[in-house]
Amino acid sequence: MTLSYLVRRLGSVALVLLGISVLTFLLVQFIPGDPARVVLGVQASDEAVAQLRAQMGLDAPLYVQFFRWLFGVLHGDFGRSLVTGAPITGIVAPRVLPTVTLALAALLIGLALALPLGIAGALRPGSKRDLGAGLLSQLGVSVPDFWLGIMLIYLFSERLGWLPSSGYQGLAEGGLAGWAGHLLLPAVTAGVVSGAIMIRFVRSALLDVIGLDYVRTARAKGLRAGEVMTRHVLRNAAIPIVTVVGLQLATLLSQIVVVEIVFAWPGLGRLALEATLNRDYSILQASVLLTAVIYSASSLLTDLLYGALDPRVQYG
């Protein structure tokens, strides 16, 4: 990887984030309703509303408001909530770690399902285990995540009492057991759907490689099946698999809101939904921007992994 490629890639990420920041800022500006009127209520006088608009800087030209807001964001200040008046940074920041933790745990569970089932299907296409893997994939995609979450709560929390039904505990609060106990059910709920999607991609990526000449040559030389799979097949199918994994991580980050609501998980998606319902658009703005930052970081990491997995990849 060249330094110039890394600089260009970081520059493209910065441009994407700048574009998203412009869109989220304009989104709030063009939503019907005056933020100052929202804070003071419909009974407030026009003079009080005008005074608050001046205090909030809303009487300045739009581009001045944007650069003031952007300057604050770059210094970790997202402004204040329109409803409570509390600093948004203090509201949003504690939600980032639970969302990232849940998405990564769901991705690991999805990989734990997709890799063995995808490999099993690719080794014997058309066999019973291939059909079984395809059936499980179809079943996992078809099951709504909110229904699966409710069923898991009913079985493991209500009937068996093994795991908590909702909430989040950090490592400092509940230790490893409490943290993992609260994480397991929501991660399985999101991970099953993600894994079901990845099974088909893993199978397809492996089938593209298994039929190539160098794999047949490796088998003809007497290498064991496991050695052929790890040294020749998985290594050369790694890039499309990593691409799908990166896309799934981004999908989990943006679509995990349903799981967060079912399990009362204090993440960014749930916060964004609550902000929308409360018409607290400044918090929604910060949530969308932070999700975009995490999404862009995962996309950049995926690109950088290509070179580490396959030295033949050339960065222009």
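Residues numbered from 1 in each chain as written. Predicted model: local features only at pLDDT ≥ 70, side-chain atom pairs only at ≥ 80, totals over all residues. Heavy atoms only, no water.

> For this particular structure, what's the right way to read the UniProt feature "domain: ABC transmembrane type-1" (unreviewed entry) in the chain?
Mapped onto this numbering, the UniProt entry annotates "domain: ABC transmembrane type-1" (unreviewed entry) at residues 96–306. Across residues 96–306, the secondary structure splits into 84% helix and 0% strand, with the terminal C-alpha atoms separated by 27 Å. (UniProt positions renumbered as here; feature names shortened; annotations may be inferred. Helix = DSSP H or I, 4+ residues; strand = E, 2+ residues; numbered from the N terminus.)

> Before we go on, may I ask you to explain the packing of aromatic side chains in this structure?
To describe a pair of aromatic rings, one takes the distance between the centres and the angle between the planes. Applying the stated criterion across every chain, the model contains six aromatic pairs. Ring geometry for Phe25 versus Trp69: centroids 5.8 Å apart, planes at 35°, classification tilted. One end of the pair, Phe25, is in helix H1 (residues 3–30); the other, Trp69, is in helix H4 (residues 62–74), with 44 residues separating them in the sequence. Like Trp69, Phe25 is buried. An aromatic cluster is built from Phe25, Phe66, Phe67 and Trp69, whose rings are joined through pairwise contacts. (Phe/Tyr/Trp six-rings, centres within 6.5 Å; stacked < 30°, edge-to-face > 60°. Buried < 20%, exposed > 50% of the residue type's maximum accessible area, 1.4 Å probe, protein only.)

> Where do I start with the packing of helix H8 (residues 171–210) against helix H10 (residues 225–236) in this structure?
The angle between the axes and the distance between the axes are what describe a pair of packed helices. Where H8 meets H10, the closest approach of the two axes is 8 Å, and the angle between their N-to-C directions is 120°. Note that H8 runs across H10; the crossing there is right-handed. Side by side, H8 and H10 meet where Leu206, Val209 and Ile210 of the first sit next to Met229, His232, Val233, Leu234 and Asn236 of the second. Broken down by class, the residue content of the contact of H8 with H10 amounts to six nonpolar, two polar and no charged. (Axes fitted to C-alpha atoms, helices over the stretch in contact; angles between N-to-C directions. Left-handed = near helix turned anticlockwise from the far one by under 90°. Contact = heavy atoms within 4.5 Å. Nonpolar A, V, L, I, M, F, W, Y, C, P; charged D, E, K, R; others polar.)

> Would you explain the environment of Asp145 in this entry?
Summarising the element assignment, Asp145 is placed in helix H7 (residues 145–159). Take Asp145: its relative accessible area is 23%, and that puts it in the partly exposed class. In this structure, the C-alpha to C-alpha distance between Asp145 and Ala190, residues 45 residues apart in sequence, is 6.6 Å. If we skip the residues at most four places from it in the chain, Asp145 touches Thr189, Val193, Val258 and Val259.

> Looking at this structure, how should I read the pattern of salt bridges?
Oppositely charged side chains may form a pair once their charged atoms are brought near each other. Using the criterion set out here, one finds six salt bridges in the structure. Between Asp130 and Arg203 there is a salt bridge whose closest N-O contact spans 2.7 Å. Of this pair, Asp130 sits in helix H6 (residues 128–142) while Arg203 sits in helix H8, placing them 73 residues apart in sequence. Three or more residues are tied together by salt bridges with common partners; here these are Arg95, Arg270 and Glu274. (Salt bridge = Lys/Arg side-chain N within 4 Å of Asp/Glu carboxyl O.)

> Mind showing me how you'd approach the side chain of Ser21 here?
The residue Ser21 is located in helix H1 in this model. Excluding its chain neighbours within four sequence positions, the residues that come into contact with Ser21 are Phe66, Trp69, Leu70 and Leu289.

> Can you walk me through a nonpolar patch on the surface in this structure?
The grouping of Phe146, Trp147, Ile150, Met151 and Val258 at the surface amounts to a nonpolar patch, some 440 Å² of accessible area in total. Take Ile150: it is sitting in helix H7. (Patch = residues over 30% accessible without salt bridge, like charges linked within 9 Å, V, L, I, M, F, W, Y side chains within 5 Å. Areas by Shrake-Rupley, 256 points an atom, 1.4 Å probe, with all protein chains shown as cover.)

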